[in-house]
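Here are the chains, one letter per residue:
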Amino acid sequence: MLTFTYGLLLVLIWLLLSGHFNPLLLGLGLASVLLTIFLMRRMKLLDHESFPSHLFSQFPAFFVYIFWEIFKSNIDVLKQILRLDGKPITPQMIEIPLPQKTDLGRVIYANSITLTPGTVSVKLTSDKILVHALTKEAAAELSTGKMAKAIPDRGADI
Amino acid sequence: MIIDALSWIFLVAGGLVGIIGAIGIHRFPDFYSRQHATGITDTLCAMLILLGLGLQAGLSLAAFKIGLIFLFLFFTSPTATHALANAAMHGGLKPKLDNNGDEGKS
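Residues numbered from 1 in each chain as written. Chains lettered and ligands numbered in written order. Predicted model: local features only at pLDDT ≥ 70, side-chain atom pairs only at ≥ 80, totals over all residues.

### So, the sheet that holds strand β2 (residues 119-124) of chain A
Residue and element names in this part refer to chain A.
Next, step 1: Taken in spatial order, the three strands of this open sheet run β1-β3-β2, and their pairing is antiparallel. Of all strands in the sheet, those with a lone pairing partner are β1 (92-97) and β2, marking the two edges. Averaged over all pairs of adjacent strands, the angle between their axes in this sheet comes to 30°, without regard to strand direction.
Next, step 2: Where β2 and strand β3 (residues 128-133) come together, five bridges link them in antiparallel fashion. Looking at the pairing, Thr119 lines up with Ala133 of β3.
Next, step 3: Running over the sheet, helix α4 (residues 103-115) touches β2 and β3 and is turned about 145° from β2.
Next, step 4: Of the strands in this sheet, β1, β2 and β3 are in contact with helix α5 (residues 136-143), which crosses β1 at around 5°. (Pairing = 2+ DSSP bridges. Helix = DSSP H or I, 4+ residues; strand = E, 2+ residues; numbered from the N terminus. Axes fitted to C-alpha atoms, helices over the stretch in contact; angles between N-to-C directions. Contact = placed C-beta atoms within 7 Å.)

Here is the structure:
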């Protein structure tokens, strides 16, 4: 099932990237897709971590959420750079809990923290994450754990 | 026409945001806080410019490719930033923090 979805995605990407539909290029595409799948299976790389199809349904809502967060924090940092509110920056180093159970969820969380300007994840341990925040406000916002709840974090059922 | 104007607004806004990010890199005091300024050029600046380019391309294969560029940027830039910050921490670079004065100054 995983192999099938993966193959379907590869075919779709090939078609969209090439844009040609003559038999030669379609044949080459098919050969490439089959070779890729064969190699991925042989190297045992194809699993729920490299291709998290069980999380795909959660991604659209998460993307909307994270884009909004990125936008808001960008405006905050832009204000800090231009010193619009006249206050100096108050850099903080805080440790926040890492509630995700799967490795993939942890990676998504750490990357989301880094993606929102104003906070950068510096170090991960098994249950804590060290974050450098540009301002007290950004640190406080992150400590509420709102973002942690929005992260897609679910093991595969199959 | 409207799409053209909209795409130019996005492109110019993206350029401005990039310039502000560059100013931030010079203004902030230490390595860790400068990373936040680069975060701006990584995210909002890239998003606005790619959105503007996407509007210029219209509904075509080129737009799809721009989307892919955005997706790869979206995955790789935080990873690179984290790797840099982690390496700096590991190498013993102390951040200048607000609550304990001038820690980190040599």
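### Focus: the domain arrangement of chain A
Next, step 1: Taken domain by domain, chain A holds domain 1 (2-42) and domain 2 (57-150).
Next, step 2: Using C-alpha coordinates to define each centre, domain 1 of chain A is positioned 37 Å away from domain 2 of chain A. (Domains from an automatic or database assignment.)

### A word on the interface of chain A and chain B
For an interface, size is often stated in terms of accessible area lost upon the parts coming together.
Next, step 1: On the chain B side, the residues contacting the 27 residues of chain A number 28 residues.
Next, step 2: Looking at the side of chain A that touches chain B, the element that brings in the most residues is helix α3 (residues 59-82) of chain A, giving seven residues.
Next, step 3: In terms of residue class, the side of chain A that touches chain B is made up of 17 nonpolar, nine polar and one charged. (Nonpolar A, V, L, I, M, F, W, Y, C, P; charged D, E, K, R; others polar.)

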